[in-house]
Amino acid sequence: MTRAQKLDRLQEIFRDVLDQPALHITESFSPADCPEWDSVATVQIVLAAEAEFAMRVPTATVAHLHCVRELLDLVP
Amino acid sequence: MLHAALTAIHHVVPARRLTAAELEARFGAKSVQSITSLSGIRERRIVEPGMTASDLAFAAADRLLEARGIPRPSLDVLVVTTQTGDYQIPGTAYVLHERLGLSPHCAAFDLAQGCSAFPYSLAVAQGLFAAGLARRALVLNADAVSSILHPQDRTLVTLHGDGATATLLETATANEGLLGFHLGTDSSGWRYLCMPASGARQPRDESTRREITDEFGNVRTAEHFQMNGQAVFHFAIHKIPEVVGEALGKFGVSLADLDLVILHQANRFMIQQIYKKLGVPAEKQFFYLEDVGNLSGAATPAALSEAVRQGRVRPGALILLVSFGVGLSWGIALVRVGPHGLVPISASTELTLVNPNSQS
C-alpha cells in the first residue's frame with residue numbers, strides 16, 4: 001500500500017469520527033485545523049486506525065499525537 | 001490464618017449537582033454534548049465550598065456503623081484512600097479516626113492511591129487480617145477531585161464527581177470474602193495523571209499559578225490536577241482487558257463463573273469497550289456514573305454499593321472488581337459474597353453541608 005493510499009484510508013476514519021463527510025486531510029492536518037478534533041476524537045481515531053490497519057499505536061505516541069503525519073508514519 | 005470478608009458497604013455523594021446546562025453555559029453546548037454523549041455522564045455530584053472528601057468519608061462510615069450497630073471500639077484498622085486529603089500532614093485517616101470516635105488500639109493510615117484505590121486497600125486490609133492484626137476493619141475510599149480541577153478544564157470537569165465509600169471487613173471462612181488480588185503498574189505513564197505543583201518536587205510560586213491552554217482549549221495551571229485523556233484512555237482500552245485475562249487465569253475462574261464484573265467508572269464508552277473486549281455479557285455489567293460522574297478512588301466501591309442497593313448482588317455472588325488510573329496502576333479483586341448476602345444500608349447516600357463539625 002502506498003503512503004497516499006494509507007492517507008486515503010485514514011481520511012475515511014477522520015471523516016467518520018469528526019462527522020465531516022467531505023473532509024480533506026493532509027499530513028499536516030492537526031487539531032488546530034478542526035475544532036471537532038479534541039482528545040476524545042483522538043482516541044476514537046487511534047482506535048479506528050488500529051483496527052483498520054491491524055496495528056498497535058504506542059500509548060506514548062497517542063499522548064502527544066499532534067497531526068496526521070505522526071499516525072501515518074506508524075501505518076505498516 | 002484469618003481471612004477477610006466484605007460484610008457491609010455504603011456510599012455518599014454531595015447533594016450539589018453540576019448539570020449539563022451549567023457546563024454548556026461554561027464550555028458551549030456542542031463541546032459538552034460531544035463529551036457527554038460518549039462519557040454517559042449527565043450530572044456530577046460535587047462538593048460545595050467547606051465540604052471535603054473526608055466529610056463524605058465520615059458520613060459514609062458513620063451511617064454504615066450506625067446502621068449495622070457496629071461498636072466503634074471493635075474496629076482494629078482504619079484504612080483511608082484519598083488523593084484529596086484534608087492536609088498534606090497528617091493523613092486523613094487520623095482526622096477520621098478522631099471524628100469517628102475510634103479507639104486507641106485501632107490502627108489508622110492513608111494510602112495515596114487514585115482510581116485504583118479499592119482493590120489496593122482491600123489487599124492491604126486482607127494482609128492485616130492474615131497477619132493477625134485485624135478481625136474487623138473499615139476501609140474508606142474518598143475523593144473530591146472537583147476541588148483540584150481548573151474550572152475551565154473541559155476534559156476533566158465534565159467527567160469528575162466527588163464521593164466516598166465505607167466498606168466493612170470482618171473475619172470469614174476461607175471460601176468466601178476476598179479470594180484473590182492482581183495488582184500492577186506501568187510507571188512509564190505516571191505523568192499522564194498528575195498534579196505537578198503539589199509537593200516537594202515543584203514548589204508553588206508565581207509561575208505555577210500561570211494559566212496554560214492546551215491544543216484542545218482546556219485551561220489549567222501547574223497547581224491543578226491534569227490528565228492526558230487520550231493516553232489514559234488508550235492505556236485502559238488495551239491494558240485492562242489484558243490484565244483481567246491474567247487475573248482470571250491466576251484465580252482459576254472464567255467469566256462464566258462470575259456474577260458481576262464491576263469496572264472503574266471512568267466513562268461509559270471506555271467501560272463498554274473493555275466489556276466488549278472481554279466478552280462480558282450485559283447481565284454481568286454494571287454502570288454507576290450517569291448521575292454522579294467519575295468518583296475517582298470511590299468509583300468502583302460506589303458502583304458495588306449501588307449494585308447492592310439495586311438488588312444486583314445475590315448471596316454467594318462471585319464478583320470481579322477492576323480499578324485503574326493514576327500511576328498508571330491497576331488493581332483487580334475477586335470477591336465472594338457471603339451466604340447471607342450484602343444488605344443495603346438504609347441511610348441516605350447524599351450529604352448536604354450544614355456545619356463542617358456536625359455532619360452525619
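Worth saying up front: this structure is predicted, and the values here are computed from it rather than measured.

1. With respect to the overall build of chain A
In step 1: Regarding its fold elements, chain A presents four helices and zero strands.
In step 2: Secondary structure of chain A in N-to-C order comes out as α-α-α-α.
In step 3: Whereas a compact globule of 76 residues would reach a radius of gyration of roughly 11 Å, chain A reaches 11 Å, a difference of no more than 12%.
In step 4: C-alpha atoms of chain A, sized along the principal axes, occupy 30 × 25 × 20 Å.
In step 5: Counting the 76 residues in chain A, one finds 29% classified as buried.
In step 6: Considering only contacts in chain A between residues 6 or more positions apart, those separated by 24 or more positions represent 52%.

2. Comments concerning the sheet that holds strand β14 (residues 318-325) of chain B
Residue and element names in this part refer to chain B.
In step 1: Taking strand neighbours across the sheet as the criterion, the four strands line up as β8-β15-β14-β13 in an open arrangement whose pairing is mixed. At either margin of the open sheet sits one strand with a lone partner, and together these are β8 (177-185) and β13 (260-263). Neighbouring strand axes in the sheet, compared pairwise and without regard to direction, differ in orientation by 15° on average.
In step 2: Here eight bridges tie β14 to strand β15 (residues 329-336), and the two strands are oriented antiparallel to one another. Bridging across to β15, Leu318 finds its partner in Arg336.
In step 3: Strands in contact with helix α9 (residues 299-309) are β13 and β14; relative to β13, the strand with the most contacts, it is inclined by about 140°.

3. Brief notes about the interface of chain A and chain B
One frequent convention defines the size of an interface as the accessible area lost when the parts assemble.
In step 1: Taken together, the contacts link 13 residues of chain A with 16 residues of chain B.
In step 2: Counting only elements with at least two residues in the side of chain A that touches chain B, the list comes to α2 (39-53) and α3 (59-63) of chain A.
In step 3: Looking at the side of chain A that touches chain B element by element, the count peaks at six residues for α2(A).
In step 4: The class makeup of the residues in the side of chain A that touches chain B is nine nonpolar, three polar and one charged.

Criteria and thresholds
Think of each chain on its own: its residues are numbered from 1, step by step along the sequence as written. In the order they appear in the text, chains get letters beginning with A and ligands get numbers beginning with 1. Only residues with pLDDT of 70 or above have their local features reported here, since the model is predicted, and side-chain atom pairs are shown and tallied only from 80 upward, although totals for entire chains, interfaces and linings are computed over all residues. The way it works is that DSSP assigns letters per residue, a run of H or I at least four long becomes a helix, a run of E at least two long becomes a strand, and they are numbered from the N terminus. C-alpha atoms define the radius of gyration in this analysis, and the globule rule sets the expected value at 2.2 Å times the number of residues to the power 0.38. With C-beta atoms placed from the backbone, a residue is buried if 20 or more other C-beta atoms are within 10 Å of its own, exposed if 12 or fewer are, and partly exposed between those counts. Residues are scored as being in contact if the C-beta atoms we place from backbone atoms lie within 7 Å. Pairing between strands requires that DSSP locate at least two bridges from one strand to the other. Interaxial angles span 0 to 180 degrees and are taken between N-to-C directions of axes, which are lines fitted to C-alpha atoms, for helices over the stretch in contact. Only Asp, Glu, Lys and Arg are considered charged in this grouping, and only Ala, Val, Leu, Ile, Met, Phe, Trp, Tyr, Cys and Pro are considered nonpolar; every other residue, Gly among them, is considered polar.

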